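Residue-level listing of the chains:
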Amino acid sequence: MPYYIILCEGKTDSFIINLIMGRYGFKYLDKKRAKDKISFKTLKNQNLDYFTDGSYCLIIWNTAGCTNIPYAVDEIKKLMLNIGDEIESLAIVMDKDFNTETQLLSQFSSFFNLEGNLKNAVWNKHNYRDAFSEEKALKILLNVIPHENFGALETLMFDSLKNRGNEENEMALDVESMVDGFQTKKISYFEKDRAVIKSKLGCMVNLLDPERTFYDVIDSFSGIAWEEDENVIEHFQSLNRYK
């Protein structure tokens, strides 16, 4: 069974990708059923989750931060030398943050010495030789979130909630005004832009269902059908073009 690996930055990304790939027929494999699958040495706070659709084995690797993605890529490339085309496809999902798409595509191309006109959310091919000098090919993808504006996955999720209706839109505008106001006042909790992004989403989720305030951060996202939101689907649909 060939492998399809998706690298992402954190728990929230892994959660959303899990939901999206579930739409395409992938089912979770518990540790007992995944014990005979390939594995990797992970760093602190990283996690590997396994899924299958009956034809492919999907591994979602939470790398615990964008700075750890090069490590994960190197580990995958090492294993590819020995098991060849068993690893058929590799997708990397990254937050745009305040980078340009060009900057992130340049970093992506450096992982595989790619040349040419690379595009976000478009599959490419990486040709390589394994340990036996045989020619192999790996399908590779960079999916930068969000596609159009600066921000992160949390930005996409916040906008998804904001656009659900008039009441949600009004609430979201007030949340944005409040959190942006805290940053303008230079309150220490909001010194980092990522804290501002995450705070807006956290406020919105808890306002829509106050009971979620006391849940784990990932549990707090459950019960919201992110995988049915058209904007979320559009941002992740390239992940289903791995064959």
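Definitions and cut-offs
- Residues numbered from 1 in each chain as written.
- Predicted model: local features only at pLDDT ≥ 70, side-chain atom pairs only at ≥ 80, totals over all residues.
- Heavy atoms only, no water.
- Helix = DSSP H or I, 4+ residues; strand = E, 2+ residues; numbered from the N terminus.
- Expected span 1.5 Å × (residues − 1).
- Buried < 20%, exposed > 50% of the residue type's maximum accessible area, 1.4 Å probe, protein only.
- Contact = heavy atoms within 4.5 Å.
- Core = buried A, V, L, I, M, F, W, Y, C linked by side-chain atoms within 4.5 Å.
- Pairing = 2+ DSSP bridges.

J.: Would you mind showing me how to read helix α1 (residues 11-23) here?
T.: Side chains that are three or four residues apart share a direction in an α-helix, a result of its 3.6 residues per turn. Taking 1.5 Å per residue as the helical rise, α1 with its 13 residues ought to reach 18 Å, and the 19 Å between its terminal C-alpha atoms agrees with that figure. Residues Thr 12, Asp 13, Ser 14, Phe 15, Ile 16, Ile 17, Ile 20 and Met 21 constitute the buried set of α1. Contacts made by the buried residues of α1 are with β1 (3-8), β3 (47-52), β4 (57-62), β5 (87-95), α5 (153-162) and α8 (230-236). Count one or two residues on from α1 and you reach Gly 25, which has phi positive near 100°.

J.: Would you take a moment to explain the nonpolar core for this structure?
T.: One broad trend across soluble globular proteins is that nonpolar side chains are buried collectively. Counting 39 residues, the largest nonpolar core has Tyr 4, Met 21, Phe 236 and Leu 239 as its most contacted members. Setting aside its immediate chain neighbours within four residues, Tyr 4 contacts Met 21, Tyr 56, Cys 57, Leu 58, Ile 59, Ser 89, Leu 90, Ala 91, Trp 123, Leu 239 and Tyr 242. Membership of the second largest hydrophobic core comes to 33 residues, among which are Phe 112, Leu 114, Tyr 128 and Leu 138.

J.: Explain the pairing of β3 here, please?
T.: The side chains of a regular strand alternate, residue by residue, between the two faces of the sheet. Where burial is concerned, most of β3 is hidden: 5 out of the 6 residues are buried. Pairing of strand β2 (residues 27-29) with β3 involves 3 bridges; the strand directions are antiparallel. If you follow Leu 29 over to β3, its bridge partner there is Tyr 50. In this structure, β3 lies alongside β4, joined through 6 bridges in antiparallel fashion.

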